[in-house]
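What follows is each chain in one-letter form.
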Amino acid sequence: MSVKMPEADSAVLARRAAIVEALRTIVPGEGVIATEREMKPFESDGLTAYRQMPMVVVLPETTKQVSEVLAYCHAEGIKVVPRGAGTSLSGGALPLEDGVLLGMAKFNRVKDIDFDNRVAVVEPGVTNLAVSNAVAHEGFYYAPDPSSQIACTIGGNVAENSGGVHCLKYGMTTNNVLGCEIVLMNGEVLRIGGKHLDADGYDLLGIITGSEGLLGVVTEVTVRILQKAESQRAVLIGFPSSEDAGACVSAIIAAGIIPGGMEMMDRPAIHAVEEFVHAGYPLDVEALLIVELDGPAAEVDHLIERVVDIASKNKSQTCRVSDTEQERLLFWAGRKAAFPAVGRLSPDYFCMDGTIPRAKLPRVLSEMKEMSQRYGLRVANVFHAGDGNLHPLILYDSNKAGEVEKAEDFGAEILKLCVAVGGVLTGEHGVGVEKRDLMPAMFSETDLNAQMRVKCAFDEKGLLNPGKVFPVLHNCAELGRMHISGGQLPFPDIPRF
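Residues numbered from 1 in each chain as written. Predicted model: local features only at pLDDT ≥ 70, side-chain atom pairs only at ≥ 80, totals over all residues. Heavy atoms only, no water.

## Description of helix 15 (residues 445-458)
Cut-off, in case you're wondering: The secondary structure listing takes helices from DSSP runs of H or I that are at least 4 residues long and strands from runs of E that are at least 2 residues long, numbered from the N terminus. A helix is expected to reach a length of 1.5 Å times the quantity of its residues less one. Buried residues are those whose accessible area, probed at 1.4 Å on protein chains only, stays under 20% of the maximum for their type, while exposed residues exceed 50% and partly exposed ones sit between those limits. In this description, the arc belongs to the directions extending from the helix axis to the C-beta atoms.
Compared with an ideal rise of 1.5 Å per residue, which puts 14 residues at 20 Å, helix 15 spans 20 Å between its outermost C-alpha atoms and is within 8% of the ideal. Residues Leu448, Asn449, Met452, Lys455, Cys456 and Phe458 constitute the buried set of helix 15. All buried residues of helix 15 fall inside an arc of 165° around its axis, so they share one side. Exposed side chains of helix 15 directed beyond 90 degrees from the buried face belong to Thr446 and Ala457.

In structure tokens:
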């Protein structure tokens, strides 16, 4: 059955049929999906408030097929949206009704593990956790660990520059990727970096990481793997207020202690997680910190004592140190399950993503409480406290008139507050469509035009993942001539249910 397109005229339908047929010659068999029922799973990513059926879905298996698909679309002026596992929370993989959705899930092989050089070469469809599992037998692991690591893929991690609970000490994706193979919109295949620690020339790898699918399609990634620490212990600390917990975070860092991970949850999140996972979290506190120390056993034991002392000086109510590896993992199991646990509290929620200076945690948390009362919407806070990456979960019900818009306005106010206190709009989820129209709150027109020139250098026709990141699209030729006053093409409204 063909996709229902009641408003499309015969010319549009004929063009679509020609595109589908051409793609099937490049990716034969079941590699092209063109029926409404089969394309339904691709209509949104993790930001489910926005939905759009793609024109067609293509699932290549080789770099050659990706190159040929992109070259064909480039020649025909067809838009392309790359997609990994679809776990993006900013609408980065939202399809276009007049565009091809390029799914990379079949690129799921670990191609090479080089313990001597401490790297692994993987395809973009390999899940984050699968990399660590592939090297665990030799005592190694891959450091970035987003909460969705069981499902999210390395290609998507590169696109969004994902972090995770251990990014405070071991860095984001950009700090753990050494090389990429990417395919440009015109079909050209590039190799950037490799197994070596640094590359000559411009830092193109730094540009690609976090580029949200606007510059090229990643078909191979070389990642850094690390040897597991001799000892890892976690401390579960309860506080009478989120402000006290935030002050403790700043005090720990100010003392020169860099934990392997430092996470925070407020009361609503604590209760949701404990009911879901039964991790042994205290239920009589307003905020909870998980602080993990790793390294030589003697050092870890010493730092644990210092953290417990700092917590006590910052009004901690409870303090529990993991005595076994099983107990440590249980502490983290609760945190890792926070997003699905909060999902049990409300029919829908927006998972926000903004980053602030650590010292501003008490102020921002206090102002978010006031916003919650003003908007009449509950909010649960789960975030990477160590690096100031907030993940407020705004609870709403899309079945109630006006609540989607109210939740969006609430989220936008949180993100503007992050910028106002010296932070940024996103820490790891990306801009996508969610924060697209907030970009002028952080960047001037000159800033945005400079970023867009980078986009134009890789994709001069603007065909790769258009409608994301930039609130206004300028013509690349005009940007090149520095005539940036004309040629503005406002993006259409984002479809949502």
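## With respect to the sheet that holds strand 10 (residues 217-224)
One key point about sheets: their strands pair by backbone hydrogen bonds, in either a parallel or an antiparallel sense. This is how the line gets drawn: A pair of strands is treated as paired once DSSP finds two or more bridges between them. Inter-axis angles, ranging from 0 to 180 degrees, are taken between N-to-C directions of lines fitted to C-alpha atoms, where helices are fitted over the stretch in contact. Two residues qualify as a contact provided that any one of their heavy atoms is within 4.5 Å of a heavy atom in the partner residue.
Taken in spatial order, the five strands of this open sheet run 5-6-10-8-9, and their pairing is antiparallel. Strands at the two margins of the open sheet, each flanked by one partner only, are strand 5 (110-114) and strand 9 (189-193). Neighbouring strand axes in the sheet, compared pairwise and without regard to direction, differ in orientation by 10° on average. Its contacts with the sheet place helix 3 (residues 63-76) against strand 8 (177-183), strand 9 and strand 10, and it is angled at close to 50° to strand 8.

## Remarks on the state of the cysteines
Which entries qualify depends on this criterion: Two cysteine sulfurs form what is called a disulfide whenever their separation falls within 2.5 Å.
What the rule picks out here adds up to zero disulfides. With no disulfide partner, Cys418 has as its closest neighbouring cysteine sulfur the one in Cys351, 13 Å distant. Given the relative accessible area of 1%, Cys418 is considered buried.

## Observations regarding a nonpolar patch on the surface
Note the cut-off: Put simply, a patch holds well-exposed residues, over 30% relative accessible area, that have no salt bridge, with like charges counted together within 9 Å and Val, Leu, Ile, Met, Phe, Trp or Tyr side chains within 5 Å. Using a 1.4 Å probe, accessible areas were evaluated by the Shrake-Rupley method; residue-level cover was limited to the displayed protein chains. Note on definitions: salt bridges are taken to be side-chain nitrogens of Lys or Arg within 4 Å of carboxyl oxygens of Asp or Glu.
A grouping of Tyr202, Leu204, Ile207 and Val454 is seen on the molecular surface, where their side chains present a nonpolar patch of about 390 Å² in accessible area. Tracing the backbone through its elements, the reader meets Leu204 in helix 7 (residues 204-208).

## Some thoughts on the packing of helix 1 (residues 10-26) against helix 3
So the rule is basically this: The scheme is simple: roughly parallel for angles under 35 degrees, roughly antiparallel for over 145, roughly perpendicular for 65 to 115, oblique for anything else. Left-handed is the label given to a crossing in which the near helix is rotated counterclockwise from the far helix by less than a right angle, and right-handed is the label when the rotation is clockwise.
Packing of helix 1 against helix 3 leaves a shortest axis separation of 10 Å and a crossing angle of 155°. By the angle class used here, helix 1 and helix 3 are roughly antiparallel. Judged by the sense of rotation from one axis to the other, the crossing of helix 1 with helix 3 is right-handed. Together, Arg15, Ala18, Ile19, Ala22, Leu23 and Ile26 of helix 1 and Gln65, Glu68, Val69, Tyr72 and Glu76 of helix 3 make up the contact between the two elements.

## Details of the pattern of salt bridges
For the structure shown, the criterion picks out 30 salt bridges. A salt bridge links Arg191 to Glu181; its shortest N-O distance comes to 3.3 Å. Remark: Glu181 occurs in strand 8 and Arg191 occurs in strand 9; sequence separation between them is 10 residues. A residue is classified by how much of its surface remains accessible, and Arg191, at 55% relative accessible area, is exposed. Here Glu413 makes a salt bridge to Arg374, at a shortest N to O gap of 2.7 Å. Taken as a pair, Glu413 in helix 14 (residues 403-420) and Arg374 in helix 13 (residues 361-375) lie far apart in primary sequence, 39 residues in all. On the basis of relative accessible area, Glu413 is assigned to the partly exposed category, the value being 23%. The network of salt bridges with shared partners includes Lys111, Glu181, Arg191 and Glu220.

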